[in-house]
Amino acid sequence: EKCNEFLQNQRQVCMYLSEAQVARISTAMQILGLRGVSLFGSSGDGGSHFSFGPFPESSQLGADLNSISCEYQMPVFPTGSPYITSVGGTVWKGLFNPDPKKPIAWSGSGGGFAWEFPRQKHQDNLVEKYLAATPNLPPESSYNKSNRAYPDISAVSVMGTSQSSPTVAGIFSLVTDIRLSRGLKPLG
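Residues numbered from 1 in each chain as written. Predicted model: local features only at pLDDT ≥ 70, side-chain atom pairs only at ≥ 80, totals over all residues. Heavy atoms only, no water.

(A) Seen up close, the packing of aromatic side chains. A complete count under the given rule lists four aromatic pairs for this structure. With a centroid separation of 6.3 Å and 85° between ring planes, the pair formed by Tyr83 and Phe117 is classed as edge-to-face. Remark: Phe117 occurs in strand S4 (residues 112–118) and Tyr83 occurs in the loop between helix H3 (60–71) and strand S2 (85–93); sequence separation between them is 34 residues. Assessed through its relative accessible area of 33%, Tyr83 is described here as partly exposed. Ring plane angle 15° and centroid distance 5.4 Å describe the contact between Phe113 and Tyr143, whose orientation is recorded as stacked. Placement of Phe113 in strand S4 and of Tyr143 in the loop between helix H4 (124–133) and strand S5 (147–150) is noted, with a sequence separation of 30 residues between them. Here the aromatic residues Phe77, Tyr83 and Phe117 are joined through ring pairs into a cluster of three or more. (Phe/Tyr/Trp six-rings, centres within 6.5 Å; stacked < 30°, edge-to-face > 60°. Helix = DSSP H or I, 4+ residues; strand = E, 2+ residues; numbered from the N terminus. Buried < 20%, exposed > 50% of the residue type's maximum accessible area, 1.4 Å probe, protein only.)

Spelled out as structure tokens, the structure:
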């Protein structure tokens, strides 16, 4: 209870009380998917950690949470869930003369590996190539490389992934509208 009270006061993104709560939310997202609803969520603005910076060190709990989050990658939920399309962020290369033909990853975009969800088969090839080709990754003990990788897709996020996720959702809404107007099912 003390931890929950502390977290509620910190306004950290999507830190849930229990695995049972995550399971209930996951079930609800699966039901929506079966109904043809596409779900999009921001990958977060804290890299492979929770957003909004460190916890205050004024209490032992804050200090302990900071210590844990430095040792382990802490993806936010639900972005690591396989039942949502996780949307990361990009910017255009060229600080003073941005080139929209050359998107690059936004440095604050959330990305990494979920702790609670296994990786889907369709991610295997690309994730293995990424892991083999990317230098300077965090220690392997800090993340579970066999679990679901995120984000799934990215869009321009000059102001964060709270900008990129609605952009992608809007694009997919247009695609769904075209599909429905042609008598096809929504993507879901």
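(B) Structural context of the nonpolar core. Core analysis: the biggest nonpolar cluster contains six residues, these being Val22, Met29, Phe77, Ile84, Ala114 and Phe117. Sorting the residues of this core by element identifies helix H2 (19–34) and S4 as the ones contributing at least two each. Listed in part, the five residues of the second largest apolar core include Phe113, Val127, Tyr143 and Ala149. (Core = buried A, V, L, I, M, F, W, Y, C linked by side-chain atoms within 4.5 Å.)

(C) Expanded view of the pattern of salt bridges. Enumeration according to the criterion identifies four salt bridges in this entry. In this structure, the salt-bridge partner of Arg119 is Asp124, at a minimum N-O distance of 3.1 Å. On the basis of relative accessible area, Arg119 is assigned to the buried category, the value being 13%. Close ionic contact of Arg148 with Asp152 constitutes a salt bridge, the shortest N to O distance being 2.6 Å. Taking the relative accessible area as the measure of exposure, Asp152 reaches 37% and is therefore partly exposed. (Salt bridge = Lys/Arg side-chain N within 4 Å of Asp/Glu carboxyl O.)

(D) Representation of unusual backbone geometry. Cis geometry marks the peptide bond from Tyr150 to Pro151; its omega dihedral reads 5°. Tracing the sequence through the fold places Pro151 in the loop between S5 and strand S6 (153–156). In this structure, Asn136 takes a positive phi of about 60° despite not being glycine. For Asn136, the position within the fold is in the loop between H4 and S5.

Distances and angles like these do not, on their own, reveal function.
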